[in-house]
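# Structural description and commentary
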Amino acid sequence: QVQLVESGGGLVQPGGSLRLSCTPSGFTVNTYDIGWFRQVPGQGREGVSCMTNVDGTTHYADFAKGRFTISRDIAKNTLYLQMNNLKPDDTAVYYCATVFLCIPDTLISASGDIWGRGTQVTVSS
């Protein structure tokens, strides 16, 4: 069955770095446009970054620009989110998901189609 599995979350100090991974099953990282989202319990979902399937064009939320980088390794069938200079406000459950169309509005609406179960990122000293 089609699914996405995230990994790489954990506890990190402010200013630290973390790299999240997302591995699809039943399809590839370049089958659909794909992205990263995050959610704090009791709050709405936020779009973080997304990438188009055809040429790898990327978009980032304002809070992610300059700190986060989305990338893919097609040979390993893995999507990555490199997070640098992490802040306490980055604490959330991070999800990868396929998206219908990776455009800036996709991040604003935080809309996805096939979702992973998420991985917890906690930034605290």
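Residues numbered from 1 in each chain as written. Predicted model: local features only at pLDDT ≥ 70, side-chain atom pairs only at ≥ 80, totals over all residues. Heavy atoms only, no water.

## Details of the nonpolar core
Convention followed: By nonpolar core we mean a set of buried residues, namely Ala, Val, Leu, Ile, Met, Phe, Trp, Tyr and Cys, connected to one another through side-chain atoms within 4.5 Å. Working definition: with a 1.4 Å probe on protein chains only, accessible area under 20% of the residue-type maximum means buried, over 50% means exposed, and in between means partly exposed. Here a residue-residue contact requires only that any non-hydrogen atoms of the pair lie within 4.5 Å.
Formed by 23 residues in total, the largest nonpolar core has its most connected members in Leu 20, Trp 36, Phe 68, Leu 79, Leu 81, Met 83 and Tyr 94. Excluding residues that lie within four positions of it along the chain, Tyr 94 makes contacts with Glu 6, Leu 20, Phe 37, Arg 38, Val 48, Phe 68, Leu 81, Met 83, Gly 118, Thr 119 and Val 121.

## Structural notes on the pattern of salt bridges
Defined as follows: Salt bridge criterion: a side-chain nitrogen from Lys or Arg within 4 Å of a carboxyl oxygen from Asp or Glu. Labels follow the DSSP assignment, with helices taken as runs of H or I lasting at least four residues and strands as runs of E lasting at least two, numbered in each case from the N terminus.
The full count for this structure, using the stated rule, is four salt bridges. Between Arg 38 and Asp 90 there is a salt bridge; the shortest N-O distance is 2.9 Å. Pair noted here: Arg 38 is in strand 4 (residues 33-39) and Asp 90 is in the loop between strand 8 (78-83) and strand 9 (92-99), with a separation of 52 residues, a long-range link. A salt bridge links Arg 67 to Asp 90; the shortest N-O distance between them is 2.7 Å. Here the residue Arg 67 occupies a position in the loop between strand 6 (58-60) and strand 7 (68-73), and Asp 90 occupies one in the loop between strand 8 and strand 9, the gap between them amounting to 23 residues.

## Considering the packing of aromatic side chains
Put simply, the rule reads: Pairs were defined over the aromatic rings of Phe, Tyr and Trp, the Trp ring being its six-membered one, requiring ring centres within 6.5 Å. Orientation was assigned from the angle between planes: stacked under 30 degrees, edge-to-face over 60, tilted for the rest. Here, over-ring charges are defined by two tests on the NZ atom of lysine or the CZ atom of arginine: distance to the ring centre within 6 Å, and angle to the ring normal within 35 degrees.
Considering all chains together, one arrives at four aromatic pairs under this definition. Taking the centre distance of 4.9 Å and the plane angle of 50° together, the rings of Phe 37 and Trp 115 count as tilted. Taken as a pair, Phe 37 in strand 4 and Trp 115 in the loop between helix 1 (104-109) and strand 10 (119-123) lie far apart in primary sequence, 78 residues in all. Given the relative accessible area of 26%, Trp 115 is considered partly exposed. Ring centres of Phe 63 and Phe 68 lie 6.5 Å apart, and the angle between their planes is 85°; this geometry places the pair in the edge-to-face category. Note on Phe 63: relative accessible area 24%, which makes it partly exposed. We classify Phe 68 as buried; its relative accessible area is 3%. Members of the aromatic cluster, connected to one another through ring pairs, are Phe 37, Tyr 95 and Trp 115. We note Arg 38 situated over the ring of Phe 63; from NZ or CZ to the ring centre the distance is 3.7 Å. Over the aromatic face of Trp 115 sits the side chain of Arg 45, whose NZ or CZ is 4.1 Å from the ring centroid.

## Quick notes on the sheet that holds strand 5 (residues 46-51)
What counts, and what does not: DSSP-based pairing: two strands are paired if at least 2 bridges between them are found. The convention used is that axes are lines fitted to C-alpha atoms, helices contributing only their stretch in contact, and that angles between N-to-C directions extend from 0 to 180 degrees.
Reading across from one edge, 2-10-9-4-5-6 is the order of the six strands in this open sheet, with mixed pairing throughout. Lying at the two open borders of the sheet, with one neighbouring strand each, are strand 2 (10-12) and strand 6. Going from strand to strand, the sheet's axes swing by 25° on average, the running direction of each strand aside. Bridge count for strand 9 against strand 10 is three bridges, and the pairing is antiparallel.

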